[in-house]
Structures are given as C-alpha cells and as structure tokens.
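Overview (structure and organization)
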Amino acid sequence: MYTLPGIYLSRYDRSAVIGKENKMKKRDSFSQVKLSEAQKEKLKDELKTFYLTERGEEIGMIEQMQLLHLFEEKLAPVVYNKALDDAKKWFVQMVDNLDSDYYALYKNVD
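Values in this document were obtained by computation on a predicted structure and should not be read as measured data.

Turning next to the overall build of the protein chain. Each helix and strand in the protein chain was counted, giving three helices and two strands. Written out in order from the N terminus, the α and β elements of the protein chain read β-β-α-α-α. Across the 110 residues that make up the protein chain, the buried fraction comes to 11%. Nonlocal contacts in the protein chain, meaning residues at least 24 apart in sequence, comprise 40% of its contacts between residues at least 6 apart.

What follows is the structure, given as structure tokens:
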C-alpha cells in the first residue's frame, strides 16, 4: 500500500495517480482563463477607474485591452492555480477529518 496524508492507495490506485500526471501535461493549453465579453468590459472599466483615481492618468481603450490581455495571460493562471492548491489543501484536510471522525464512531467492545 502507498499512502498520502489520510488516504491509502493500492498499487492500482497509485498507477492511476501517476497516469493523471501525464494527462496534466496535456491540459496545460486549457489552463488559460476565459472571460465573457461582459466580464471583460467590467474589468476594463475597473482598470480605467483605477488608473484615474490612483495615478491621475487617463488610459484609452487600447491600453485597457493590453492590460487586460496581460492580466489574462500572466496573472489569471497564477491566481487560478493558487485557488486549486487552496481547494486541494481544504479537501485533503476534510478527508483527514473524515478518517478520524469515522474511527470516533467506533463503539468500545469489551
């Protein structure tokens, strides 16, 4: 048996996990976050407002699009991956709690 924190894996399960690592390499091209047109417009307005209030500069449509594109390409995947890592941590913690809660239900047999 192979173990992860609170999870016991058989050899079959372990090979499935290793197989997922190979699949993840193929999914890299899908990791880009896609925004709807309404979301893009709202974010461009936010960028324009930010530059005006924080820097006292007015930016045009092209600069808004360029900044949004930069954030989509560079920042969004980092934030997305961090969210996935946080979700995984939470899930592993819940599985660990489930394991201990399960054994807490056992009755004393004398």
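The next point concerns the confidence of the model for the protein chain. The predicted model of the protein chain averages 79 in pLDDT, with 70% of residues at 70 or higher. Between the elements of the protein chain, mean pLDDT differs from a low of 44, seen in strand β1 (residues 2-4), to a high of 94, seen in helix α2 (residues 37-55). Long-range and interchain partners of residues 1-5, a stretch whose pLDDT sits below 50, account for 13 contacts in this model, where long-range means more than four residues apart.

Quick look at the nonpolar core now. Listed in full, the five residues of the largest apolar core are Leu47, Tyr51, Ile59, Leu67 and Leu68. When contributions to this core are tallied by element, the ones reaching two or more residues are α2 and α3 (61-104).

By the element assignment, Lys44 lies in helix α2. Excluding anything up to four places from it in sequence, Lys44 contacts Met61, Gln64, Met65 and Leu68.

Moving on: the environment of Lys48. Here Lys48 lies in helix α2. With 13 residues separating them along the chain, Lys48 and Met61 place their C-alpha atoms 8.8 Å apart. Apart from the residues lying within four places of it in its own chain, the contact partners of Lys48 are Ile59 and Gln64.

Criteria and cut-off values
- Residues numbered from 1 in each chain as written.
- Predicted model: local features only at pLDDT ≥ 70, side-chain atom pairs only at ≥ 80, totals over all residues.
- Heavy atoms only, no water.
- Helix = DSSP H or I, 4+ residues; strand = E, 2+ residues; numbered from the N terminus.
- Buried < 20%, exposed > 50% of the residue type's maximum accessible area, 1.4 Å probe, protein only.
- Contact = heavy atoms within 4.5 Å.
- pLDDT = per-residue confidence, 0-100.
- Core = buried A, V, L, I, M, F, W, Y, C linked by side-chain atoms within 4.5 Å.

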